[in-house]
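An overview of the molecular structure
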Amino acid sequence: MALALDLRNLPDADVAALAKEGREPAFRELVRRYERPVFSLIFRMVRDRELAEDLAQDTFIKVLNNIDRYRPEFKLSSWLFKIANNITIDHLRRRQVDTISIEGSPNAITAESARATAVTVTSGGESPLEELESRELGAEIEKAIARLRPEYRACIILRHVEDYSYDEIAEIVKLPLGTVKTYIHRARQELRQYLGDLR
């Protein structure tokens, strides 16, 4: 138990190093730290709780099997998101599931954490009518993002929902920086086109 408490205070790279040595409590600590963000990212891409749970489990199995490949000069979260993204994109290519959540992570325990993981459409201080309109717009944005091809969808979610930099996205999706910028630019153009009739 003391080890588990000690692990909670260690940086990610140190916990990963212990996991590489085959220490199960260290791997459990990594799962504890990242199961929610990984699930949240996957859920936004597939919009199905059971499927997201399965893909998150697949992600951590792959992490366990490949922990020796993790290089501490990279952020552990980026490496985990890269694995989660690859598994999810592979699944989407096979199944062509077409939805995304803007409501926030279904795994969020509190209203505050749900808000923190939701896509923000408008600022606060709205009248009930404005709130209804922004919810309707949110639903339209959700549908529009669902129409994007999986690669564009992943880049848009990582940029505008998870707030990753272009460099971090390039690392996660294993694409050149220029390609990531192009994907995000094209995705925004497609979204504008899809949402054009709302203006």
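Everything here concerns the structure above.
What comes next concerns the included structure. Remember, predicted model here, so these are calculated numbers, not experimental data.

Of all hydrophobic cores here, the largest spans 55 residues; its most connected members are V38, I42, L76, W79, L80, L158 and I169. Residue assignment for this core shows that the elements contributing at least two residues are α2 (12-20), α3 (24-46), α4 (49-66), α5 (76-95), α7 (128-147), α8 (150-160), α9 (166-173) and α10 (177-195). In terms of residues, this core owes the most to one element, α3, which gives 12 residues.

Of the positions making up α2, those classed as buried are D12, V15, A16, L18 and A19. Seen from one end, α2 has its buried residues packed into an arc of 160°, which puts them on one side.

We now examine the packing of α8 against α10. For the pair α8 and α10, the least separation of the axes is 9 Å and the interaxial angle reads 95°. On the basis of their axis angle, the class for α8 and α10 is roughly perpendicular. Seen from α8, the contacting residues are E151, Y152, C155, I156, R159 and H160; seen from α10, they are Y183, I184, R186, A187, R188, E190 and L191. Taken together, the residues that form the contact of α8 with α10 break down as seven nonpolar, one polar and five charged.

With that settled, consider the packing of α8 against α9. Close contact between α8 and α9 brings their axes to 10 Å; oriented N to C, the two are set at 140°. With respect to their mutual orientation, α8 and α9 come out oblique. Between α8 and α9 the crossing geometry is right-handed. Of the residues in α9, those touching α8 at C155, L158 and R159 are Y166, I169, I172 and V173. Each residue belonging to the contact of α8 with α9 can be placed in one class, and the counts come to six nonpolar, no polar and one charged.

Rules used in this analysis
- Residues numbered from 1 in each chain as written.
- Predicted model: local features only at pLDDT ≥ 70, side-chain atom pairs only at ≥ 80, totals over all residues.
- Heavy atoms only, no water.
- Core = buried A, V, L, I, M, F, W, Y, C linked by side-chain atoms within 4.5 Å.
- Buried < 20%, exposed > 50% of the residue type's maximum accessible area, 1.4 Å probe, protein only.
- Helix = DSSP H or I, 4+ residues; strand = E, 2+ residues; numbered from the N terminus.
- Arc of directions from axis to C-beta.
- Axes fitted to C-alpha atoms, helices over the stretch in contact; angles between N-to-C directions.
- Parallel < 35°, antiparallel > 145°, perpendicular 65-115°, else oblique.
- Contact = heavy atoms within 4.5 Å.
- Nonpolar A, V, L, I, M, F, W, Y, C, P; charged D, E, K, R; others polar.
- Left-handed = near helix turned anticlockwise from the far one by under 90°.

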